[in-house]
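Secondary and tertiary structure notes
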Amino acid sequence: MLIEGEVKTFRLVGVIQQTLSPSSAYVLPKTYAIATNQPVELTNAVRVVMREH
């Protein structure tokens, strides 16, 4: 994942299929806060943009 111009790597631990639900990815708030250098309080949602769908 590219965050603020830096490549960050996350380990995929599972994949599920949810009917009639948008795609989602989950990460611990502390993990994402460390990756983005932001306080945990600011890490409640993120939009992921893919190069190809």
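Every value quoted in this text rests on a predicted model; they were computed, and no experiment measured them.

Moving on, we get to the confidence of the model for the protein. Mean pLDDT over the protein stands at 81; residues scoring 70 or higher make up 98%. Within the protein, the element-level pLDDT minimum falls on strand E1 (residues 2-3), averaging 81, and the maximum on strand E2 (residues 6-7), averaging 88.

Note on placement: Thr36 falls in helix H1 (residues 29-36). Look at Thr36 and you get buried, because its relative accessible area is 12%. Excluding its chain neighbours within four sequence positions, the residues that come into contact with Thr36 are Ile3 and Thr43.

Right, let's get into the environment of Tyr32. Mapped onto the fold, Tyr32 is located in helix H1. The class of Tyr32 is buried, set by a relative accessible area of 14%. Residues Tyr32 and Gln17, 15 residues apart in the sequence, show an inter-C-alpha distance of 23 Å. Sequence-distant contacts of Tyr32, that is, excluding residues within four places in its chain, are made with Ile3, Phe10, Val27, Thr43 and Val46.

Moving on, we get to the layout of surface pockets. Rolled over the atoms, a probe with the dimensions of a water molecule shows which regions are left empty. Quantified by volume, the largest pocket comes out at close to 1,400 Å³. Around the largest pocket, the lining comprises 31 residues; the ones closest to its centre are Met1, Ser24, Ala25, Tyr26 and Val48. Within the residue set of the lining of the largest pocket, elements represented by two or more residues are E1 and H1. Among the elements that make up the lining of the largest pocket, the one with the highest residue count is H1 (3 residues). Split into classes, the residues belonging to the lining of the largest pocket amount to 20 nonpolar, 8 polar and 3 charged.

Parameters and conventions
Residues numbered from 1 in each chain as written. Predicted model: local features only at pLDDT ≥ 70, side-chain atom pairs only at ≥ 80, totals over all residues. Heavy atoms only, no water. pLDDT = per-residue confidence, 0-100. Helix = DSSP H or I, 4+ residues; strand = E, 2+ residues; numbered from the N terminus. Buried < 20%, exposed > 50% of the residue type's maximum accessible area, 1.4 Å probe, protein only. Contact = heavy atoms within 4.5 Å. 1 Å grid on protein atoms, 1.4 Å probe; cavity = no way out; pocket = protein on both sides within 12 Å on 5 of 7 lines; lining within 4 Å. Points joined across faces, edges and corners; volume = space filled by probe spheres on them. Nonpolar A, V, L, I, M, F, W, Y, C, P; charged D, E, K, R; others polar.

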